[in-house]
Amino acid sequence: MKISTIKDLLDAKVVCGEEELSRHVYSACGSDMMSDVLAYVKDQAVLLTGLINSQVIRTAEMMDMNCIVFVRAKLPTAEMIELARESGIVLLATEKRMYEACGILYNNGLVGNRVKNV
Amino acid sequence: MSELLNFHFVVDGDDFTCAGQASVQVKKNLRQLGLPPEIIRRVSIAMYEGEINMVIHAGGGVADVNITEDFVEIILADKGPGIKDISQAMQEGYSTATDNIRSLGFGAGMGLPNMKRYTDYMSIDSVVGEGTTITMKVNIN
Ligand SMILES: Nc1ncnc2c1ncn2[C@@H]1O[C@H](COP(=O)(O)OP(=O)(O)OP(=O)(O)O)[C@@H](O)[C@H]1O
Ligand SMILES: [Mg+2]
């Protein structure tokens with residue numbers, strides 16, 4: 001699934017990485033606990049989280065994730081945006097809550113750990 | 001088995017925002033060396049978990065990364081409170097983290113199990129009241 005499709009489906013705003021929206025992600029992971037995320041290695045995954053601090057960006061960077069969606073209308077700090085820019089990570093922000101955001105992506109074919117036709 | 005490169009970092013225990021910087025730097029260095037992405041990811045995640053643990057549980061410490069032809073070795077040493085029961089600490093879900101740490105996104109009790117999962121070798125040397133040293137290795141071939 002293209003990052004631009006995620007943006008549209010979640011009615012999300014692009015915080016940074018506008019030029020990378022045509023990149024693809026193949027799986028997704030939703031959590032506010034970073035070690036849960038770190039337990040889950042999949043290529044080109046998107047992270048959905050309600051947590052706001054720089055460790056979210058570092059966690060995504062460690063995992064080679066190229067997109068983070070902040071749920072519940074949370075906005076990343078300037079420092080987080082800077083870290084994301086350095087690492088080439090796209091940041092999106094949606095008003096939807098975690099459960100709904102994950103459900104929408106799942107329903108549209110972005111399943112947790114395998115690829116359907118997306 | 002000769003050491004090709006080593007990196008040394010001081011991990012500040014007072015600044016949660018900066019925690020993980022050493023791991024980010026190591027990831028960059030390993031990329032420059034052209035190591036396979038899968039190896040880099042395993043080293044980065046294991047070191048990052050260990051680095052965060054030093055900050056949230058032990059007040060900081062030092063990190064050393066040694067790269068040889070055959071493996072990447074990560075040694076994390078702190079002078080924190082130590083770990084009383086290592087086999088308990090290794091269990092998924094076991095954590096002594098406070099609510100404050102949990103609100104920062106850590107304290108799922110997954111860090112040490114992740115470190116074990118992503119490395120080929122891991123040993124924990126810990127004395128209560130003196131500190132903890134964790135050694136991990138990821139084989140390159
Ligand atoms: N360097 C350390 N010094 C002292 N105690 C430690 C250290 N590392 C881990 N521990 C102890 O072991 C427990 C388990 O560690 P582990 O990394 O698995 O989980 P956590 O850090 O509590 O949560 P998570 O890693 O999921 O964010 C910790 O809660 C802590 O009690
Ligand atoms: Mg931990």
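Before going into details, it helps to say that this report is about the structure given with it. (Residues numbered from 1 in each chain as written. Chains lettered and ligands numbered in written order. Predicted model: local features only at pLDDT ≥ 70, side-chain atom pairs only at ≥ 80, totals over all residues. Heavy atoms only, no water.)

### Here we look at the overall build of chain A
Rule in force here: Secondary structure elements follow DSSP: runs of H or I no shorter than four residues count as helices, runs of E no shorter than two count as strands, and numbering proceeds from the N terminus. As defined in this context, the radius of gyration uses C-alpha atoms, and a globule is described by 2.2 Å times the residue total to the power 0.38. Only protein chains enter the accessibility calculation, which uses a 1.4 Å probe; a residue is then buried when its area is under 20% of its type maximum, exposed when over 50%, and partly exposed in between. Residue contacts follow a heavy-atom distance rule, with two residues in contact if any of their heavy atoms lie within 4.5 Å. In short, Shrake-Rupley with a 1.4 Å probe defines the accessible areas, and a residue's cover is counted only from the protein chains shown. We count Lys and Arg on the positive side and Asp and Glu on the negative side, and we leave His and both chain ends out. We put the charge of a Lys on NZ, of an Arg on CZ, of an Asp on CG and of a Glu on CD.
Counting its secondary structure elements, chain A contains 5 helices and 5 strands. Helices and strands appear in chain A in the N-to-C order α-β-β-α-β-α-β-α-β-α. Against the globule reference of 13 Å for 118 residues, chain A gives a C-alpha radius of gyration of 12 Å, in line with a compact fold. In terms of principal-axis extent, the alpha carbons of chain A reach across some 35 × 30 × 25 Å. The burial tally for chain A puts 54% of its 118 residues in the buried class. Within chain A, contacts between residues separated by at least 24 positions form 50% of all contacts whose residues are at least 6 apart in sequence. With the model as given, the accessible surface of chain A reaches about 5,100 Å², and the carbon-plus-sulfur share is 46%. Charged side chains in chain A number 13 positive and 15 negative. The centres of these two groups are separated by 6 Å.

### Some thoughts on the packing of helix H3 (residues 54-62) of chain A against helix H4 (residues 78-87) of chain A
Residue and element names in this part refer to chain A. Short version of the rule: The axes used here are C-alpha line fits, helices contributing only the stretch in contact, and every angle between their N-to-C directions lies in the interval 0 to 180 degrees. Here is the rule for angles: anything less than 35 degrees is roughly parallel, anything more than 145 is roughly antiparallel, 65 through 115 is roughly perpendicular, and the remaining ranges are oblique. By definition, any crossing whose near helix is turned counterclockwise from its far helix by less than a right angle is left-handed, and any crossing with a clockwise turn is right-handed. Each residue is assigned to one class: nonpolar for Ala, Val, Leu, Ile, Met, Phe, Trp, Tyr, Cys and Pro, charged for Asp, Glu, Lys and Arg, and polar for all the others, Gly among them.
Following both chains from N to C, one finds H3 and H4 inclined at 15 degrees, their axes separated by 8 Å at the closest point. Comparing their axes, H4 and H3 come out roughly parallel. The handedness of the crossing between H3 and H4 comes out as right-handed. Contacts between H3 and H4 involve Ser-54, Ile-57, Arg-58 and Glu-61 on the former and, on the latter, Met-80, Leu-83, Ala-84 and Ser-87. Residue composition of the contact of H3 with H4, grouped by class: 4 nonpolar, 2 polar and 2 charged.

### Quick word on the nonpolar core
The criterion, for reference: For the purposes of this section, nonpolar cores are sets of buried Ala, Val, Leu, Ile, Met, Phe, Trp, Tyr and Cys residues that join through side-chain atoms within 4.5 Å.
Core analysis: the biggest nonpolar cluster contains 65 residues, and A:Ile57, A:Ile68 and A:Leu91 have the highest contact counts within it. By residue number, the principal contributor to this core is helix H2 (residues 37-58) of chain B, which donates 11 residues. Aside from chain neighbours lying at most four places away, what touches A:Leu91 is A:Lys13, A:Val14, A:Val15, A:Cys16, A:Ile57, A:Ile68, A:Phe70, A:Pro76, A:Met80, A:Ile81 and A:Ala84. Grouped together as the second largest cluster of nonpolar side chains are 21 residues, A:Leu21, A:Val46, A:Leu48 and A:Val69 included.

### Some words on the pairing of strand E4 (residues 67-70) of chain A
All names here are of chain A. Short version of the rule: Being paired, for any two strands, means DSSP has found at least two bridges between them. Handedness of a crossover is defined as follows: with both strands directed away from the viewer, a clockwise route from the first strand across the helix to the second makes it right-handed.
Neither face of E4 is exposed, since Cys-67 and Val-69 on one face and Ile-68 and Phe-70 on the opposite face are all buried. Where strand E3 (residues 45-49) lies against E4, 4 bridges are found, and the strand directions are parallel. Its bridge partner being in E4, Val-46 is matched across the sheet by Cys-67. Relative to strand E5 (residues 90-93), E4 runs parallel, the two being bridged by 4 bridges. Bridging from a neighbouring strand, Cys-67 pairs with Val-90 of E5. Read as a crossover between parallel neighbours, the route from E4 over H4 to E5 is right-handed.

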